[in-house]
Structures are given as C-alpha cells and as structure tokens.
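Topology and contacts: notes
The primary structure of each chain is shown beneath.
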Amino acid sequence: MLKLQVILGSTRQGRAADRVLPWVLRRAQAHGDFAAEVLDLRDWPLPFFAETRQTLGDPSDPSYSEPVVKRWNRKIGEGDAYLMITPEYNHSVPAVLKNAIDSVFASYAFRNKPAGFVGYSGGIVAGARAVEHLAHIAIETELVPMRNSVLIGQVGQAFDEAGDPTNPMSERALGILLDDLAWWGRVLHRARAEGQLPPAARRPVAAAPRT
Ligand SMILES: Cc1cc2nc3c(=O)[nH]c(=O)nc-3n(C[C@H](O)[C@H](O)[C@H](O)COP(=O)(O)O)c2cc1C
C-alpha cells in the first residue's frame, strides 16, 4: 500500500474544503492502492517560514526554528504520494499552503514523489489558476506533479446531500488522478530504492570546478 498524504490547503472557519475533503478521502480509501492520511494544516501550526543556517542546526538532522517544523518535515518524509486540496486565493494557492510547502526545507522530503491536485473555487474558474501555480511550485521542490487534476467550480453547489459531486466529470477526473498517483507512486518508490541523484540545488555547486 502506498502512503498517500492528503494535504488540506485551507484553514479558515467555514471553509468549503470541508465539502471537498470527505469525497476525496472516500475515493482514495476505496481505490485500493493507498493508505490515506489527512494532513489538515489546522493541526500543523507552522510559523511563517524564516529558517536560517542558524535555526536549521545540524544540516544532516535539522532542528529548525520550532519543533513543529521538524515534525512536519518528518511527517512529509513518510509519504509516498501527495494529494493537495487547494482553493484559489487571488489567482494562486492560500499562503498557508505555500508556507507548508516552503517549510519542507533542507530535508528534501517531497523529492522524487508524485503530487496530484484538487482545486476548487467559488466561481467558474474552479481553482485552475491555483492548480497551475501549484504545479510550478511542486517542480521546484522536486515533486513530480501530475498532468491530470480535479477542478471544482462553484464549490458551494458542487456536492449533493450525500456529499457526492453533482458533476459526473468530477468523479471521472478524480478516478484518473488516483490511478496516475498510484502508478507514479509505485514507479518512483522503486526508483528511489534503486538510488537517487543528489538534490538538484546541490548539483551545480558539486559540478563547479574547484579553484
Ligand atoms: C482571500 C481570497 C481570495 C480569493 N480569490 C479568488 C480567486 O482569485 N479566484 C476565485 O475563483 N475565487 C477566489 N476566492 C473565492 C474562493 O475560491 C472561495 O471562497 C472558496 O470557498 C475558498 O475556499 P475555502 O472556503 O475552503 O477557504 C477567494 C477567496 C478568498 C478568501
């Protein structure tokens, strides 16, 4: 079973995320390839990112500015695959989600693992711009972002009383995304076990001629 971490990108009271999450979680659990765990950022009161060499401590086992940052890095390190649920805030991802990603620092815990995205918004854009930004952010962390995503527009009316999406396309999109995450999760798990190149950010320095 692949460890799938479902990261919830909104923390505000009354969030629409609470309509999206139960459906995504049910489908991930029913898929058969995943042991799914929800990482609700409400439960992870990460400080605004401000790490320095001094706050990191020992780079081989960083202590970070606060214990919760170390716990967060360790928790992310346990994942084989990630499913990020994000609303769209000002054409991008909420600051709390970007901060949680930035806080995975020095541990390279996201590296060479797949990430899928479920975007939503109150209007018809359906979180598309947030998901596009998230894919770019994911590349920089050396996550492997999935091409297929789930986009839910007018999120207030997007689920029926049973909590199922009213648009059948949402079910199909989530099924495809979960299949992709399972395939990539298995492939990358095997590939990591066979050995990995050094983190990308370190390689230009390592390759530079010594003077
Ligand atoms: C600060 C802020 C900025 C927003 N910006 C956008 C936006 O750029 N595009 C959009 O479609 N909806 C935007 N919305 C509407 C949200 O997508 C909608 O309120 C959604 O329910 C937020 O998710 P949440 O309730 O889980 O926090 C914005 C909402 C907030 C609070």
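Let me sum up the structure you'll find in this document.

Within the chain, the secondary structure is distributed over 7 helices and 6 strands. Its helices and strands taken in sequence order, the chain reads β-α-β-α-α-β-α-β-α-β-β-α-α from the N to the C terminus. The C-alpha extent of the chain, read off along each of the three principal axes, is 65 × 35 × 25 Å. The buried share of the chain, taken over its 211 residues, is 35%. For the chain, the share of sequence-separated contacts (at least 6 apart) that also reach a separation of at least 24 residues comes to 78%.

This next bit is on the site of the ligand. Of all residues adjacent to the ligand, which total 15 residues, the nearest are S10, R15, A16, P87 and S121. The residue makeup of the shell around the ligand, split by class, is 6 nonpolar, 6 polar and 3 charged.

Attention now goes to helix α4 (residues 95-102). The complete set of buried residues in α4 reads L97, A100 and I101. Buried residues of α4, seen end-on, are gathered within an arc of 100° and therefore sit on one face of the element. The elements touched by buried residues of α4 are β1 (2-8), β3 (81-87) and α5 (128-140).

A few words now on the pairing of strand β4 (residues 114-120). With 7 of 7 residues buried, β4 is to be regarded as a mostly interior element. Side chains P114, G116, V118 and Y120 of β4 all project onto a buried face; the interleaved residues A115, F117 and G119 project onto the opposite face, where all are buried too. Since β3 and β4 lie parallel, the crossover through α4 that links them has a hand, and here it is right-handed. Across 2 bridges, the pairing between β4 and strand β5 (residues 144-145) is parallel. Of the residues in β5, the one forming a bridge with P114 is V144. Pairing of β4 with strand β6 (residues 150-152) involves 3 bridges; the strand directions are parallel. When the sheet's bridge partners are listed, Y120 is paired in β6 with I152.

About the criteria used
- Residues numbered from 1 in each chain as written.
- Predicted model: local features only at pLDDT ≥ 70, side-chain atom pairs only at ≥ 80, totals over all residues.
- Helix = DSSP H or I, 4+ residues; strand = E, 2+ residues; numbered from the N terminus.
- Buried ≥ 20, exposed ≤ 12 C-beta atoms within 10 Å, placed from the backbone.
- Contact = placed C-beta atoms within 7 Å.
- Near = placed C-beta within 6 Å.
- Nonpolar A, V, L, I, M, F, W, Y, C, P; charged D, E, K, R; others polar.
- Arc of directions from axis to C-beta.
- Right-handed = clockwise from strand over helix to strand, strands pointing away.
- Pairing = 2+ DSSP bridges.

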